[in-house]
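Coordinate analysis (summary)
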Amino acid sequence: MAAASAKQIELDQPHSDSRARPRRRWLRVLIVLLALPIAAFVALGLWPVKADFVGDAGTVGVGKGGGGLVRQFPKMVLRADNPLPTSKDDERVQLGRLLFFDPILSGANDVSCATCHHPDLGFTDGRLLSMGKGGHGIGPDRAGGSVVRRGAPTLWNAAYNHKQFWDGRAEDLEEQAKGPITNEVEMNENPDTLVKELKNVPEYVQRFDAAFGGRDDSAVTLDNTLKAIASFERTLTANNSPFDRFVRGELDALTPAQRRGFNLFRSGRTRCFECHGLPTFANRDFKIIGVPDADPQRPDFGRFEVTKGEGNKYAFKVPTLRNVVLNAPYMHNGRFKTLEEVLDFYAAGGGPGVGFKEAKVDDKIHAYSITPEEKQDLIAFLYSLADESNLPELPDKVPSGLPVVQRVTNPARELVAKYNTGSPKEEIAERAPQTITVKAGESIQAAVNNAQPGDTIEVMPGIYKEEVKVDLDNITLKGVSVETPAPGGVSRPVLDGESKLSDGVLATGSNFRIENFDLRNYVANGVVAQHARNVTFRDLNIDTTGLYGVYPVSCTGVTIERCVATGIADAALYVGQSRDIVVRDSEAHDNVTGIEIENSVNAVVENNYVHDNTGGILVFILPNNPSKVGHNCIVRNNRVINNDHPNFANPNSIVANVPPGTGVMVMAADNNEVTGNEIRGNDCYGVAVFSLEVSFPKGTAFDVGPTPENNWIHDNTYSDNGRNPAGALQRAGIKGADLVWDLSGWSNRWHESNATHSTPILSASWPAFVRRGYWRVLMLAQEYL
């Protein structure tokens, strides 16, 4: 029987193996099927992600050697093989000067660089649109030739331009010089023909070889021609105007009208200074202001034609205002013949005020009121920027023997002498710091005018209906409180703009401190600090002061504490383009936004009560600002509650996009931490992390990194957020929640165990490769599902 069983087992064994083999095969298939997505996930997680663009941190705060109104000129854009000339006697400069005035550079030997960039016309040509080949005459009278698409930009301080041409298509002056020479509408020259012609002029052969170390005409090349012209153009600097003398301490270098104009220029009402910044009075960015096209049938898209970014349509270079009085007409197409017309255009709100609807203009462009007297003060100030001390002499002749452009009468030169009648510097004896007391009925500004660095201006209770400008270092404005109310029913000093004055206080001096004031009813800003070191705003009550309550810009070392701000149409407590910041123990309510940290680094926002605004606390980067970075902000231990106020910002402004119900928003900024905050009752979301792309048209070319990276959101307390989403969140069909993320930036992480979230988030407890892999899966799902 046992033998039979063994035999039976032997007979059954093949059948058992045949049944097991398919099972093992399916098991292997199953393992492979499971392993493939796991391996793919691991691969996605290990595959590096290209880091977002990071701007130059040196663009934030006060640069080296500067502060207040003293600003360092930016470095000139140079080529390694064409260093900056050490003097006007440099052989490259002298060669470039002759080439600049010589028509030999044109195909028909009848157009020189000076034809369109005439020294007597502010290095422009006085025409609406420039005229190239075939034309006859100089300046506004030139006729009969090919009309160029745009007007000639000035060459004064062009060496400081970040990029050249109205649309920025050239990286440096060498590349810029090549454009007109070879352009068939302008000078229409063939490079090879030009070199042959130059080699046929003995003096040029000698000068090229001497300037560039050549021998037997070997240095006569197109490249060296461009280098020589660029070297000459780098000597065309304007930096010794009456305004420059004023900045250096000659306070009487400006007339009273020019002082008033300067104050208006840098006020929050006009906001001129935000695009035309010191010391160049230009800007490295390209702005949309809405100048109507010269020919509506042939629109000029400006910077867009170079970048192809939708956000650059109709954007043009911000030109310098130095010597602007000499180079009318104005704008890229000569649309405005006079400075009066330019000011009227801006006061009407820029392009939208004249029917421009093709693109959204820059948010600094807005309508404002200006009286005829104020307009004349502004123009007087612009005349203070005139300086032709580096004006080159026109050569009597050039080596080719061709005719040189003739001198041109510019009537604006006579007006320069008329406007610039400031006095020489008066020596003021130094003294020890002292306290200057201002009583009710007296002027705070008068006390500032009599102050010296180190003084404290003590202001007694009363109502002061004035604007205060502080351009000295080491000045303290200190309000005095009393228990018994002073006349007017106030117990401490009140600055009252009566709903017509621009800025309550504007300071450019370093080590500036203001404390214990009420400010109300200004149309632009409460307290402004520009380009200063170590500024302090303490114990201020601010009510309805226009766009901003506290507004330090481009500062290093900012402290805002125990301030209360309400009724502000942009940000109650704002810090922009600055570094080393503390905002603490303050309150902001019933504003558009409570606290903003924009394009800034190294900030601490703590122990503030931010409630009943449209948006609570915003940490973000915006493009087209002098500062190109924003990182390292800690938002901790704040109360961010019920920020559901309707948005009452200017519809053209960026802040108009903030939806009611915004608690804390981090947009495009990096390496920030949000922790320990009480965040409740914000109808849209508690904390959101967004890319810039949510606020700008698709295809926008950014000059900052648009992606938020390495932000850490953890250990906050949440309740009742996201009940009624609005704005872009609502349009996208995303539910409100405590936490919202648009999936930008894999390195962002969260540790919020009790928070709701309507979009996926990345846990801080996950290894980096897991977060990266999961993020890639989310991105693929977003794109294809």
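Computed from a prediction, not measured in an experiment: that's the story for all the values here.

1. Observations concerning helix α5 (residues 191-199)
Within α5 the residues assigned to the buried category are L194, V195 and L198. End-on, the buried residues of α5 take up no more than an arc of 100°, which puts them together on one face. In α5, the exposed residues that point more than 90 degrees away from the buried face are D192 and K196. Buried residues in α5 make contact with α2 (91-100), α4 (173-182), α6 (202-212) and α7 (222-233). Two to three positions downstream of the cap, the backbone nitrogen of D192 sits 2.9 Å from a side-chain oxygen, assigning the N-cap of α5 to N190.

2. Thoughts on empty space enclosed by the protein
Applying the stated criterion across every chain yields a total of 2 cavities of 30 Å³ or more. In this structure, the second largest cavity spans a volume of roughly 50 Å³. Lining the second largest cavity are 14 residues, and of these I597, S600, V619, G630 and H631 lie nearest its centre.

3. Focus on the packing of aromatic side chains
Within the structure shown, the criterion is met by 28 aromatic pairs. Between the aromatic rings of F100 and F232, the centroid separation amounts to 5.2 Å while the plane-to-plane angle is 55°, which identifies the pairing as tilted. A residue pair is termed long-range when its members are at least 10 positions apart, and F100 in helix α2 and F232 in helix α7 qualify at 132 residues. Summarising the burial analysis for this pair, F100 and F232 share the class buried. Their ring planes at 50° and their centres at 4.9 Å tell us that Y551 and Y574 sit as a pair that is tilted.

4. Looking at the nonpolar core
In this structure, I444, L477, F537 and L540 are the most contacted members of the largest nonpolar core, which totals 89 residues. The dominant element in this core, judged by the number of residues it contributes, is strand β28 (residues 685-690), at 5 residues. Counting residues in each nonpolar core, the second largest holds 45 residues, with L69, L254, L264 and Y383 among its members.

5. Focus on the side chain of N525
Residue placement: N525 occurs in strand β11 (residues 525-530). Overall, N525 belongs to the buried group, its relative accessible area being 3%. Within the local environment of N525, its side chain forms a polar contact with the side chain of D503, the two groups lying 2.8 Å apart. Contacts of N525, omitting those with residues within four sequence positions, involve G268, S502, D503, G504, T545, L547, Y548 and Y551.

6. Brief notes about unusual backbone geometry
Following L278, the chain continues into P279 via a peptide bond in cis, with omega recorded as -5°. As for its placement among the helices and strands, P279 is situated in the loop between α9 (256-265) and β1 (283-287). With omega at 0°, the peptide bond leading from A328 into P329 counts as cis. Look at E498: it is not a glycine, yet its phi comes out positive at around 55°. Along the chain, the position of E498 falls in the loop between β8 (493-496) and β9 (503-507). Positive phi, normally seen in glycine, also occurs at N637, with a value near 60°. Note that N637 resides in the loop between β23 (631-636) and β24 (639-641). On the basis of relative accessibility, which here comes to 41%, the residue N637 falls in the partly exposed class.

7. A short note on the pattern of salt bridges
Scanning all chains against the criterion turns up 46 salt bridges. A salt bridge links K628 to D285; the nearest nitrogen and oxygen atoms lie 2.7 Å apart. Placement of the pair is K628 in the loop between β22 (615-620) and β23 and D285 in strand β1, with a sequence separation of 343 residues. Across the pair E606 and R636 runs a salt bridge, and its minimum N-O distance is 2.9 Å. Here the residue E606 occupies a position in strand β20 (residues 601-606), and R636 occupies one in strand β23, the gap between them amounting to 30 residues. In this structure R636 comes out as partly exposed when scored by relative accessible area, which is 29%. Shared partners join several salt bridges into a network, and the residues in it are R79, D81, D172, E174, D223, K227 and R234.

Calculation notes
- Residues numbered from 1 in each chain as written.
- Predicted model: local features only at pLDDT ≥ 70, side-chain atom pairs only at ≥ 80, totals over all residues.
- Heavy atoms only, no water.
- Buried < 20%, exposed > 50% of the residue type's maximum accessible area, 1.4 Å probe, protein only.
- Helix = DSSP H or I, 4+ residues; strand = E, 2+ residues; numbered from the N terminus.
- Arc of directions from axis to C-beta.
- Contact = heavy atoms within 4.5 Å.
- Polar contact = N/O pair within 3.5 Å; in protein donor to acceptor, adjacent residues only side chain to side chain.
- 1 Å grid on protein atoms, 1.4 Å probe; cavity = no way out; pocket = protein on both sides within 12 Å on 5 of 7 lines; lining within 4 Å.
- Points joined across faces, edges and corners; volume = space filled by probe spheres on them.
- Phe/Tyr/Trp six-rings, centres within 6.5 Å; stacked < 30°, edge-to-face > 60°.
- Core = buried A, V, L, I, M, F, W, Y, C linked by side-chain atoms within 4.5 Å.
- Salt bridge = Lys/Arg side-chain N within 4 Å of Asp/Glu carboxyl O.

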